Amino acid sequence: MLTTWKLVSCLLASAAVRGIGGQAIITNDSDFFGQSPPVYPSPEAPGLGSWEAAYKKAKSLVEQMTIEEKVNLTTGYAAPNGCGGNIYPIPRLGFPGLCLSDAGNGLRGTDFVSSWPSGIHVGASWNKDLSRKRAVAMAGEFKRKGVNILLGPVVGPLGRVVEGGRNFEGFSVDPYLSGALVYESVSGIQEAGVIATTKHYIVNEQETNRNPLGNVSAVSSNLDDTTLHESYLWPFQDALHAGSGAIMCSYQRVNNSYGCQNSKLLNGVLKTELGFEGLVMSDWGALHAGYHAALAGMDMVMPDGGGFWGANLTRSVNNGSLPEQRLDDMAIRVISTWYQMGQDEGFLTPGIGMPAVLTLPHEKIDARNISEKPTLFDGAVEGHVLVKNVNNTLPLSKPGSLFLAGYSAKAPDQNGPSDADPLVKYLWPLGLESAISYLYALAAMYLGTGQSVTVPPIAANGTIIGGGGSGSVPQATFIAPFDALVTKADEDNTQLFWDFNSSEPAVVQSSDACLVFVNAFSSEMFDRPSLRDDYTDGLILSVASQCANTIVIIHNVGPRLVDQWIDHPNVTAVIFAHLPGQDSGKAIVSLLYGKSQFSGKLPYTVARNESDYGDVLSPSIPSGEFQYFPQSDFNEGVYIDYRYFGRENIEPRFEFGFGLSYTSFDYSELKIETTSAPNLTIYPIGTVVQGGPIDLWDVLARVFVTVSNTGALDGPEVAQLYVGSPGGPKKQLRGFSKPFIKAGESATLTFELTRRDLSSWDVVHQAWRLSAGPHQIFVGSSSRSLPLTSMLQLPLRS
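Worth saying up front: this structure is predicted, and the values here are computed from it rather than measured.

Asks: Help me understand the pattern of salt bridges, please; the structure alone is not making it clear to me.
Replies: Close approach of charged atoms allows side chains with opposite charge to pair. Tallying each qualifying case throughout the model produces 40 salt bridges. As a salt-bridge pair, lysine 488 and glutamate 491 come within 3.2 Å of each other at their nearest N and O atoms. Residue lysine 488 and its partner glutamate 491 are both found in helix α14 (residues 481–492); the two are separated by three residues, about one turn of the helix. Judged by relative accessible area, which is 17%, lysine 488 ranks as buried. Of the charged contacts in the structure, one is a salt bridge between lysine 586 and aspartate 583, with a shortest N-O distance of 3.8 Å. A residue is classified by how much of its surface remains accessible, and aspartate 583, at 7% relative accessible area, is buried.

Asks: Hey, could you run me through the packing of helix α2 (residues 52–62) against helix α11 (residues 324–340) in this one?
Replies: In helix packing, the relevant descriptors are the interaxial angle and the interaxial distance, both defined with respect to the helix axes. Close contact between α2 and α11 brings their axes to 8 Å; oriented N to C, the two are set at 130°. Viewed along their axes, α2 and α11 adopt a mutual orientation that is oblique. For the pair α2 and α11, the crossing hand works out as right-handed. Seen from α2, the contacting residues are Ala54, Tyr55, Lys57, Ala58, Lys59, Leu61 and Val62; seen from α11, they are Asp328, Ala331, Ile332, Ile335, Ser336, Tyr339 and Gln340. Its residues placed into classes, the contact of α2 with α11 shows nine nonpolar, two polar and three charged.

Asks: Please explain the environment of alanine 460 as it appears in this structure.
Replies: Within the secondary structure, alanine 460 sits in the loop between α13 (436–446) and α14. Not counting the four nearest positions on each side in its chain, alanine 460 is found in contact with Tyr407 and Ser434.

Asks: Which parts of the structure should I look at to understand empty space enclosed by the protein?
Replies: Which parts of space are left empty comes out when a probe the size of a water molecule is rolled across the atoms. All told, the structure shown has six cavities of 30 Å³ or more when counted by the stated rule. In this model, the largest cavity occupies a volume close to 160 Å³. Its residues placed into classes, the lining of the largest cavity shows 13 nonpolar, five polar and two charged. Put simply, the second largest cavity is a space of about 90 Å³. Taken together, 14 residues make up the lining of the second largest cavity; nearest its centre are Gly431, Ile464, Ile465, Gly466 and Gln475. Looking at the lining of the second largest cavity residue by residue, the class counts come to six nonpolar, seven polar and one charged.

Asks: What is the right way to read the sheet that holds strand β12 (residues 385–389) from this model?
Replies: Each strand in a sheet pairs with its neighbour through backbone hydrogen bonds, running either in the same direction (parallel) or in the opposite one (antiparallel). Spatially, six strands are ordered β12-β17-β16-β15-β13-β14 in an open sheet, and the strand pairing comes out mixed. Among the strands making up the open sheet, the edge pair consists of β12 and β14 (495–499). Sheet twist, expressed as the mean angle between neighbouring strand axes with direction ignored, is 15°. In this sheet, strand β17 (residues 571–576) lies alongside strand β16 (residues 550–556) in parallel orientation, the contact comprising five bridges. Across the sheet, valine 552 pairs through a bridge with valine 574, a residue of β17. Contacting β13 (401–405), β14, β15 (513–520) and β16, α14 runs over the sheet at an angle of about 155° to β14. Where helix α16 (residues 584–592) meets the sheet, its contacts fall on β15, β16 and β17, and the angle it forms with β16 comes to roughly 145°.

Asks: Can you help me understand unusual backbone geometry in this one?
Replies: Negative phi characterises most residues that are not glycine, and trans characterises most peptide bonds. Tyrosine 201 connects to isoleucine 202 through a cis peptide bond whose omega is 10°. Relative to the assigned elements, isoleucine 202 resides in the loop between β6 (195–201) and β7 (220–222). Looking along the chain, the bond that leaves glycine 773 and enters proline 774 is cis, with omega of 5°. Turning to its location among the elements, proline 774 is positioned in the loop between β29 (767–770) and β30 (775–780). Even without a glycine there, the phi angle at asparagine 649 is positive, about 55°. Here asparagine 649 is to be found in the loop between α17 (642–647) and β19 (665–674).

Asks: What should I look at first to understand the nonpolar core in this one?
Replies: The tendency in soluble globular proteins is for nonpolar side chains to be buried side by side. The biggest cluster of nonpolar side chains holds 144 residues, and the ones touching the most others in it are Tyr201 and Phe576. Among residues more than four places away in sequence, those in contact with phenylalanine 576 are Gly383, His384, Val385, Val387, Ile554, Asn556, Arg560, Val562, Leu602, Tyr604, Val606 and Phe654.

Asks: Honestly, the sheet that holds strand β31 (residues 788–792) in this entry has me stumped. Any pointers?
Replies: The antiparallel open sheet is built from four strands, whose spatial order is β25-β24-β30-β31. Unpaired on one side and paired on the other, β25 (732–737) and β31 mark the two borders of the sheet. Neighbour to neighbour, the strand axes of the sheet diverge by 25° on average, direction disregarded. Pairing geometry for strand β24 (residues 719–724) and β30, over five bridges, is antiparallel. Within β30, the position partnered with glutamine 720 by the bridge is glycine 780.

Conventions used here
Residues numbered from 1 in each chain as written. Predicted model: local features only at pLDDT ≥ 70, side-chain atom pairs only at ≥ 80, totals over all residues. Heavy atoms only, no water. Salt bridge = Lys/Arg side-chain N within 4 Å of Asp/Glu carboxyl O. Helix = DSSP H or I, 4+ residues; strand = E, 2+ residues; numbered from the N terminus. Buried < 20%, exposed > 50% of the residue type's maximum accessible area, 1.4 Å probe, protein only. Axes fitted to C-alpha atoms, helices over the stretch in contact; angles between N-to-C directions. Parallel < 35°, antiparallel > 145°, perpendicular 65-115°, else oblique. Left-handed = near helix turned anticlockwise from the far one by under 90°. Contact = heavy atoms within 4.5 Å. Nonpolar A, V, L, I, M, F, W, Y, C, P; charged D, E, K, R; others polar. 1 Å grid on protein atoms, 1.4 Å probe; cavity = no way out; pocket = protein on both sides within 12 Å on 5 of 7 lines; lining within 4 Å. Points joined across faces, edges and corners; volume = space filled by probe spheres on them. Pairing = 2+ DSSP bridges. Core = buried A, V, L, I, M, F, W, Y, C linked by side-chain atoms within 4.5 Å.

So this is what it looks like as structure tokens:
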């Protein structure tokens with residue numbers, strides 16, 4: 001196939017050939033030159049604020065290095081360990097090198113670590129404190145294994161493409177929610193002394209054509225400046241504000257310039273506008289140029305030089321193509337980040353707990369900490385979202401008998417590393433034990449087996465606790481729903497019946513309730529083929545036709561359509577269980593039986609039909625004149641998910657921010673106060689520190705609201721604040737809080753609105769423009785249940 005593509009390339013060399021219907025097919029990327037404006041030179045790290053001391057130490061150390069040593073700091077190499085990437089040590093200067101490993105949902109591909117809830121599960125929890133606790137504990141495992149750089153968290157993809165295969169790695173399709181949680185995650189990771197790598201920068205919104213293949217270039221995400229800043233850059237800005245030490249640039253092109261050599265985004269936006277102090281590393285294999293990528297702002301290539309860097313970068317410095325001053329800055333950014341996290345003192349030997357081959361004898365380094373088990377459990381519990389509960393079907397109370405069905409109830413048959421087969425050995429490290437067909441699709445794509453590359457929308461070989469690929473969770477000892485239900489049934493003397501194989505199981509008619517466990521799966525490398533599937537829908541309908549009390553539990557990587565069966569009178573309860581990590585079974589049983597309280601809310605919108613999502617349902621594919629240079633045009637601007645549904649007056653099945661509880665809450669007493677902020681000018685005037693002008697985070701107003709627990713049970717509630725500003729969407733999330741409120745009691749919540757929250761991006765001034773208003777303020781329990789409203793006007797100064 002590759003030979004054929006090369007032959008076609010030679011025959012069609014130069015500008016264009018004629019396609020179907022006489023349409024000109026672009027065959028040379030010079031047609032796109034200039035769509036992403038050049039920004040040079042690459043700014044040197046400023047070394048300001050909290051980075052000053054680390055910068056000075058790094059500068060002093062780098063001054064003692066040879067050109068070859070500095071180049072080695074920028075180029076990964078294959079070390080005899082299990083790290084995902086490595087940077088060479090410099091023993092004579094006391095620099096031990098660096099170990100880099102996946103990922104934002106836990107330390108993948110090794111033993112004696114925990115399986116943490118995935119990003120989408122954290123997003124569904126809407127819990128900032130829990131997000132930070134998870135990050136601290138998870139990063140602690142990286143540190144105890146000698147991993148310097150954690151390759152996460154993820155805020156790109158944001159989730160624009162609803163069928164996006166990696167959306168589960170991030171927190172939410174909403175920039176504010178994603179930004180708030182990534183701030184806590186970065187803070188927690190680096191509090192533990194590990195370098196956070198916020199990724200994938202930027203607009204990396206689909207897996208389809210994310211990399212060039214044959215004569216087809218990687219897809220280009222094409223967007224305007226406003227959309228970039230108000231949607232996709234927003235959570236990255238929060239990560240930088242939290243101090244993220246590294247940023248990973250993405251595979252695809254942005255405005256037809258590859259993300260890892262896009263000088264506008266790296267030099268102009270990241271390092272100038274946002275004052276980034278740390279290092280920019282490539283995604284694995286995302287480098288497509290030599291010294292040009294360094295000039296464009298990239299500082300480190302992974303997993304190796306790829307034929308471009310390494311010795312060739314040394315030659316580029318020696319022949320003057322790459323100024324040594326730029327190489328110095330690259331090296332300083334690497335070393336200053338190392339100093340900034342305190343890794344020069346007391347950090348373990350890089351990769352000491354990462355054996356190269358797990359199936360061979362190796363030293364056991366157990367990175368788990370038993371004191372972090374409550375965080376694992378709470379994280380698993382709080383990401384479950386109850387969306388239907390007719391006549392208080394749940395919680396269960398010592399049922400006499402239960403019938404269980406569905407392919408997502410029990411653990412997969414295999415859990416552990418293997419080197420018995422060159423293909424099967426990838427099942428475990430890629431999190432594909434329950435989705436074996438994905439492995440053969442990968443083989444078809446990269447090993448030329450001739451198999452079809454079509455993947456199913458489900459993982460049919462067992463329950464899922466994470467998604468697939470580099471963002472999968474390490475498969476530790478985990479408790480599947482079936483295992484936990486057996487334990488609970490034994491405790492309550494409940495009779496259990498089950499059939500996990502049949503698509504039309506014969507329900508035992510004495511069952512008090514029927515639990516159907518299904519899933520919606522995805523993995524890196526593939527976008528989801530659909531948001532529903534006939535097999536699963538048929539299974540649910542079959543059980544519901546025989547059982548008057550059918551409870552559906554969906555482990556899902558993102559939105560899953562339910563309209564085929566949601567209104568069936570026998571479907572009495574529905575749970576979006578997301579990706580809970582190793583405590584999946586313990587958490588769902590605790591929730592089903594009321595020991596734990598449902599408190600999760602949807603971090604995305606569930607539509608009634610696929611068409612309701614508009615043009616962003618599916619990934620863009622090569623077509624027409626762009627057969628060799630696929631284009632993905634972000635013509636919708638900031639209007640995705642609930643913003644789009646609101647503008648188009650589309651009624652969702654379940655709105656963004658929705659989730660039920662076993663108790664009830666009431667909202668009252670909305671009050672707004674403006675602050676005595678020193679700066680109420682239209683544009684920010686503060687010093688640029690990492691994250692942008694410092695006064696973007698000035699608090700300009702506070703909103704107070706009372707939330708009362710009017711039900712019979714204690715529990716948490718996610719209160720949400722939305723703002724409608726002139727010229728923008730009707731409502732945008734700008735605050736949330738999750739208090740625990742006892743039955744019959746109330747809590748007074750305070751939401752702080754910053755300059756950035758009340759601004760829009762001004763493309764002429766290239767700055768955030770503060771609006772006087774009037775800003776509409778909405779507070780309630782979801783994006784469509786907002787009983788409290790008011791107005792905010794700001795007294796701006798010119």
